[in-house]
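Spelled out from the first residue to the last, the chains are:
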Amino acid sequence: MALEICVKAAAGAPDLLGDCPFCQRILLTLEEKKVPYQMHLIDTSNKPQWFLDVNPEGKVPVIKFDGKWVPDSDAIAQTLEVKYPEPSLVTPAEYASVGSKIFGSFITFLKSKDASDGSEQALITELSALDEHIKAHGPYVNGEKISAVDLGLAPKLYHLEVALGHFKSWSVPENLTHVKSYMKLLFSRESFVKTQPADKKYLIAGWAPKVNP
C-alpha cells in the first residue's frame, strides 16, 4: 500500500516537483527505504481546498499514516524510521546535529546586502566544521552508511550551491575538499536525482522573493 504524501509543486509549474528542501528530505527517506508512495503536488500559492481540509496549517510536507495526515518533516522522518526500520537510517546521537547550523547561515548570507557583516565568514565556519567531520568520519556523516542526518543536509546543501551560485556568484571554497566531495556524493545518489527540483530555475525562483523582497 503506497503512502500518500503532499509536497510542494514548482512555482509556476504545478505539475512538476518543487524546491522545498524539507519535502525532499522525506522523499529521500522514502526512496532510501524503498517505501512505495503516491505524491500529491501542492501549488503552495493556490492550495486546493481538500488539502486545507486535511491539513489546516497548509504546510508541506504532510504524509498519511494509518488514515491520519501527519505534518512536520522531523516527526515524519521519525515515524518512517519506526514503521520501516530497514534499512536503518538512524544517526548516532553524537552526530545528529552535525551541519545543523549550515542552512540558517546560508539564508543569512544569501539575504545579506552588506559584504562586511560577517555572514559569509559565519557560513564558511559552519562548512569548515562539516569538512573536518567528514575528513575524520566520512564519506558520510556516520561513516560508510548514509543516515538521516545526510538526508536532511543533502537538499539544504543543494539549495546553498544553486542559490548562492546564482545570486552571489559564490561557491564552496576550494580548500573544503571533503565538503565538496560529500556534496558530489550526495547529489549523485539515485534517490537524490529522482527527488531533486524539476529544474534549478524553480529553486532560484523560490529564493528570489527572499533575496529581493
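Residues numbered from 1 in each chain as written. Predicted model: local features only at pLDDT ≥ 70, side-chain atom pairs only at ≥ 80, totals over all residues. Heavy atoms only, no water.

A. Focus on the pattern of salt bridges. Summed over all chains, the structure comprises nine salt bridges. In this structure, Lys64 and Glu4 form a salt bridge, with 3.8 Å as the shortest nitrogen-oxygen distance. Placement of Lys64 in strand β4 (residues 62–65) and of Glu4 in strand β1 (residues 3–10) is noted, with a sequence separation of 60 residues between them. Judged by relative accessible area, Glu4 falls into the partly exposed class, the value being 23%. For Glu81, the salt bridge identified is with Lys33, shortest N-O distance 3.1 Å. With Glu81 in helix α3 (residues 73–83) and Lys33 in the loop between α1 (21–32) and β3 (37–42), this pair connects stretches of sequence that are 48 residues apart. Overall, the relative accessible area of 17% leaves Glu81 in the buried class. (Salt bridge = Lys/Arg side-chain N within 4 Å of Asp/Glu carboxyl O. Helix = DSSP H or I, 4+ residues; strand = E, 2+ residues; numbered from the N terminus. Buried < 20%, exposed > 50% of the residue type's maximum accessible area, 1.4 Å probe, protein only.)

B. Structural context of the packing of aromatic side chains. As enumerated under the stated definition, the model contains 10 aromatic pairs in all. Ring centres of Phe103 and Phe106 lie 5.6 Å apart, and the angle between their planes is 40°; on these two criteria the pair is classed as tilted. Highlighted residues: Phe103 and Phe106, both in helix α4 (residues 102–111), separated by three residues, approximately one helical turn. A residue is classified by how much of its surface remains accessible, and Phe103, at 12% relative accessible area, is buried. An angle of 80° between the planes, with centres 5.2 Å apart, marks the rings of Phe106 and Trp207 as edge-to-face. Of this pair, Phe106 sits in helix α4 while Trp207 sits in helix α9 (residues 200–211), and the two are 101 residues apart along the sequence. Accessibility expressed as a relative area gives 7% for Trp207, which makes it buried. Linked through ring pairs, Phe22, Phe103, Phe106 and Trp207 together constitute an aromatic cluster. Stacked on the ring of Trp207, the Lys or Arg Lys210 has its end atom at 5.4 Å from the ring centre. (Phe/Tyr/Trp six-rings, centres within 6.5 Å; stacked < 30°, edge-to-face > 60°. Lys NZ or Arg CZ within 6 Å of the ring centre and 35° of its normal.)

C. Looking closely at the UniProt feature "domain: GST C-terminal" (unreviewed entry) in the protein chain. When the UniProt feature table is mapped onto this chain numbering, "domain: GST C-terminal" (unreviewed entry) sits at residues 72–213. Along residues 72–213, the helical share is 63% and the strand share 0%, with 26 Å between the first and last C-alpha atoms. (UniProt positions renumbered as here; feature names shortened; annotations may be inferred.)

D. Summary view of the side chain of Ser119. Tracing the sequence through the fold places Ser119 in helix α5 (residues 119–137). Judged by its relative accessible area of 6%, Ser119 is buried. Side chain to side chain, Ser119 and Asp117 meet in a polar contact 2.8 Å long. Leave out the neighbours within four places in its chain, and Ser119 touches Thr108, Phe109 and Ser112. (Polar contact = N/O pair within 3.5 Å; in protein donor to acceptor, adjacent residues only side chain to side chain. Contact = heavy atoms within 4.5 Å.)

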